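Structural features, examined
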Amino acid sequence: GAVVSQHPSWVICKSGTSVKIECRSLDFQATTMFWYRQFPKQSLMLMATSNEGSKATYEQGVEKDKFLINHASLTLSTLTVTSAHPEDSSFYICSARRLAGITDTQYFGPGTRLTVL
Amino acid sequence: DAKTTQPTSMDCAEGRAANLPCNHSTISGNEYVYWYRQIHSQGPQYIIHGLKNNETNEMASLIITEDRKSSTLILPHATLRDTAVYYCIVPTKSSRLTFGEGTQLTVNP
C-alpha cells in the first residue's frame, strides 16, 4: 500500500509562534502533495497544492505568507503556520499524489491537530 | 467539476452488506469516481476508484451505472470498524479533490 506520514501528530503552541508540520510519502515518490484543513464537524478544505521544486498554489482565501509550504524533495512537503493565532487551531491533513498508469490517487496522512493558545 | 450527491447518513447491521449510493450526473466521459472514508479524527483513507467498469478490491466493490451518472460503494460484510464518513468524489483535471459532506455510515451491533 501507499503510506503517508505526518509529524507531529499533535502540537500545542502559544499565540504568535510558528509551527512546522511535515508530510512524508514513505514508499513512493510524490511530485504533488496537497494540504487540507478541517475544522470541527466540517469537511476537509483544500488549502494548497504543493509541487516539488516549484512554488505552491494556494486556494482562494488562504494566505500564502501565513501558510508557508516547501516541497524540497519527492517525498517531503512541509507546512509552516507562521504567527499562529487561536483561529488557526484546526486539524491539518496532507495527501500525496501517486501516479499509476493513466490514473492517480491521493493517499492521506493521519493528520496533525494544532491547538494555539 | 462534476458535483456529487450522497445521503447524509445511513445505518447498517454488523455483518450485513452496506450499500452507499452516489449521484454524479454531470460527470464527463473521462472522469473517474473515487471513494474515500474518514474515521473520526483520522486522515481520509482511499477505498477504490473506477471509470465505467465495476471494480473490486480487498476493501469494497464499486458498481457504476452504464450511463455513469451514479455509483454504489458496497462493503460486503460491514463491521463496527467500518463506521465512518464516506466520500464519493470526482476529481478535477488537476487532481484536486473537493470533499462534500459525505455519508455518515453507522454500523450497529
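Further up the page is the structure itself.
A brief structural summary.

What counts, and at which threshold
Residues numbered from 1 in each chain as written. Chains lettered and ligands numbered in written order. Predicted model: local features only at pLDDT ≥ 70, side-chain atom pairs only at ≥ 80, totals over all residues. Heavy atoms only, no water. Contact = heavy atoms within 4.5 Å. Buried area = accessible area lost by both parts, 1.4 Å probe. Salt bridge = Lys/Arg side-chain N within 4 Å of Asp/Glu carboxyl O. Polar contact = N/O pair within 3.5 Å; in protein donor to acceptor, adjacent residues only side chain to side chain. Helix = DSSP H or I, 4+ residues; strand = E, 2+ residues; numbered from the N terminus. Nonpolar A, V, L, I, M, F, W, Y, C, P; charged D, E, K, R; others polar. Disulfide = S-S within 2.5 Å. Buried < 20%, exposed > 50% of the residue type's maximum accessible area, 1.4 Å probe, protein only. Patch = residues over 30% accessible without salt bridge, like charges linked within 9 Å, V, L, I, M, F, W, Y side chains within 5 Å. Areas by Shrake-Rupley, 256 points an atom, 1.4 Å probe, with all protein chains shown as cover. Pairing = 2+ DSSP bridges.

Right, let's talk about the interface of chain A and chain B for a bit. Contacts between the two partners involve 21 residues from chain A, matched on the other side by 18 residues from chain B. At the boundary of chain A with chain B, total buried surface from both sides reaches about 1500 Å², with 50% on carbon and sulfur atoms. By the criterion of area lost to chain B, the three top residues of chain A are S43, L44 and F108 of chain A, representing 28% of everything that side buries. Counting across the interface, chain A meets chain B through one salt bridge. Applying the counting criterion to the chain A and chain B interface returns 11 residue pairs in polar contact (both at pLDDT 80 or more). Elements with a contribution of two residues or more to the side of chain A that touches chain B: β4 (32–38), β5 (45–51), β9 (90–100) and β10 (103–108) of chain A. At six residues, β10 of chain A tops the list of elements feeding residues into the side of chain A that touches chain B. Split into classes, the residues belonging to the side of chain A that touches chain B amount to 10 nonpolar, seven polar and four charged.

Disulfides are covalent bonds that connect the sulfur atoms of two cysteines. Applying the stated rule across the entire model yields two disulfides over all chains. Each disulfide pairs two cysteine sulfurs, and for C23 of chain A the partner residue is C94 of chain A, the sulfurs being separated by 2.0 Å. When the S-S torsion is 80°, as for the bridge of C23 of chain A with C94 of chain A, the disulfide is right-handed. Taken together, the residues span a long stretch of sequence, with C23 of chain A in strand β3 (residues 19–25) and C94 of chain A in strand β9 at a distance of 71 residues. Exposure remark for C94 of chain A: the relative accessible area of 0% places this residue in the buried category. Paired by a disulfide, C22 of chain B and C88 of chain B hold their sulfur atoms 2.1 Å apart. One quick way to see it: the torsion about the S-S bond of C22 of chain B and C88 of chain B is about -80°, and its sign makes the bridge left-handed. A residue pair is termed long-range when its members are at least 10 positions apart, and C22 of chain B in strand β2 (residues 18–23) and C88 of chain B in strand β8 (residues 84–89) qualify at 66 residues.

Quick look at a nonpolar patch on the surface now. Taken together, the side chains of W10, I12 and L117 of chain A define a hydrophobic patch exposed on the protein surface, amounting to about 380 Å² of accessible area. The exposed category is assigned to L117 of chain A, whose relative accessible area is 61%.

Take the side chain of D88 of chain A next. With respect to the element layout, D88 of chain A can be found in the loop between β8 (76–81) and β9. For D88 of chain A, the contacting residues outside a window of four places in its chain are K66, F67, V81, S83, L114 and V116 of chain A.

What follows deals with the pattern of salt bridges. Throughout the structure, instances matching the rule amount to five salt bridges over all chains. Notably, a salt bridge pairs R24 of chain A with E22 of chain A, separated by 3.5 Å at the nearest N-O pair. Residue E22 of chain A is classed as partly exposed on the basis of its relative accessible area of 24%. R37 of chain B serves as the salt-bridge partner of D82 of chain B, at 2.8 Å between the closest nitrogen and oxygen. Taken together, the residues D82 of chain B in the loop between β7 (70–75) and β8 and R37 of chain B in strand β3 (residues 33–38) connect sequence positions 45 residues apart. Summarising the burial analysis for this pair, D82 of chain B and R37 of chain B share the class buried.

All right, on to the environment of F67 of chain A then. Residue and element names in this part refer to chain A. In this fold, F67 is placed in strand β7 (residues 67–73). Residue F67 is classed as buried on the basis of its relative accessible area, which comes to 4%. Taking the C-alpha atoms as reference, F67 lies 6.4 Å from T82; in sequence the two are 15 residues apart.

Right, let's get into the pairing of β3 of chain B. Residues and elements named next belong to chain B. Burial of β3 is extensive: six of the six residues sit out of reach of the surface. Residues V33, W35 and R37 of β3 are buried on one face, and the alternating residues Y34, Y36 and Q38, pointing to the opposite face, are buried as well. Pairing between β3 and strand β4 (residues 45–50): five bridges, direction antiparallel. Note that in β4 the partner of Y36 across the bridge is Y46. What sits between β3 and β4 in their antiparallel hairpin is a turn of six residues, with S41 showing a positive phi close to 65°. Strand direction decides the pairing type here: β3 and β8, joined by five bridges, are antiparallel. Within β8, the residue paired with W35 across the bridge is C88.

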